[in-house]
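Breakdown of the fold
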Amino acid sequence: MIIENFTPWLSLIGGLTIGISAAALLFFNGKIAGISGISKSLLAEFETAAEKHWRQAFTIGLIIGGAITVYFAPEMTAKTLNLPLLQMIGGGLIVGFGTAMGNGCTSGHGVCGLARRSRRSLASVLTFMGSGFVTMYLMTHLFSLERFY
């Protein structure tokens, strides 16, 4: 097995940045940096305008950060899959259903929940990582995912 794009320093910097951001949000706002919860709540009623504003700023920051990365360092972004639009929409809906069913996503459970030693987050991370490994194995070895690259 050949490891491609091994970037330990960039990975370390990215991990530290995510960890510091999550810790700052928890320390200054008392909120968990769970992306699915933050984005889901954008459609809800808010108790205060400040609550709405920090969630909007957080979401806009994610979008702008991603756009800056794609523009200035496109080689650092994920591969593009040539999948039909309906298949991508279906995949997105399944992921959304899974995050709703698991009461959170990788950022909320994996980064913030594990840092707080949450048993529920550990169970969630083991479940979605295990499911991801099995799915990738099946798609790569049984259904030849390579044809989509």
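Note that the structure is predicted; figures quoted are calculated from it, not measured.

Each aromatic ring pair is summarised here by two numbers: the centre-to-centre distance and the angle between the ring planes. Inspection of every chain in the model, using the stated rule, returns three aromatic pairs. A ring pair is formed by Phe 27 and Phe 28, whose centres lie 5.0 Å apart and whose planes are at 85°; its orientation type is edge-to-face. Assigned by exposure class, Phe 27 and Phe 28 land together as exposed. With a centroid separation of 4.9 Å and 90° between ring planes, the pair formed by Tyr 71 and Phe 72 is classed as edge-to-face. With a relative accessible area of 64%, Tyr 71 lands in the exposed category. Take Phe 72: its relative accessible area is 65%, and that puts it in the exposed class.

The next point concerns unusual backbone geometry. Positive phi, normally seen in glycine, also occurs at Arg 117, with a value near 60°. Summarising the element assignment, Arg 117 is placed in the loop between helix H5 (106-115) and helix H6 (119-142). Among the residues examined, Arg 117 registers a relative accessible area of 76% and is labelled exposed.

The subject of this paragraph is a nonpolar patch on the surface. A contiguous nonpolar surface patch, about 600 Å² in accessible area, is contributed by Ile 60, Ile 64, Ile 68, Tyr 71 and Phe 72. A residue is classified by how much of its surface remains accessible, and Ile 60, at 48% relative accessible area, is partly exposed.

The rules behind these values
Along each chain, numbering runs from 1 in the same order as the chain's sequence is written. Owing to the predicted nature of the model, reporting of local features is limited to residues with pLDDT of at least 70; listing and counting of side-chain atom pairs is limited to 80 or more, with chain, interface and lining totals taken over all residues. Neither water nor hydrogens contribute to the side-chain values; these are computed over all heavy atoms in the structure. Whether two aromatic rings pair depends on their centres lying within 6.5 Å, for rings of Phe, Tyr and Trp, where Trp uses its six-membered ring; planes under 30 degrees apart make the pair stacked, over 60 edge-to-face, and the rest tilted. Think of it in three bands: with a 1.4 Å probe and only protein chains considered, a residue is buried below 20% of the maximum accessible area for its type, exposed above 50%, and partly exposed in between. Each helix is a run of DSSP H or I of at least 4 residues and each strand a run of E of at least 2, with the numbering of both proceeding from the N terminus. In this scheme, patches are assembled from residues that exceed 30% relative accessible area and form no salt bridge. Like charges are connected within 9 Å, while nonpolar side chains (Val, Leu, Ile, Met, Phe, Trp, Tyr) are connected within 5 Å. The method behind every accessible area is Shrake-Rupley, applied with a 1.4 Å probe, and residues are considered shielded solely by the protein chains displayed. Salt bridges are identified by distance alone: a Lys or Arg side-chain nitrogen within 4 Å of an Asp or Glu carboxyl oxygen.

Shape is all these values report; function is a separate question.
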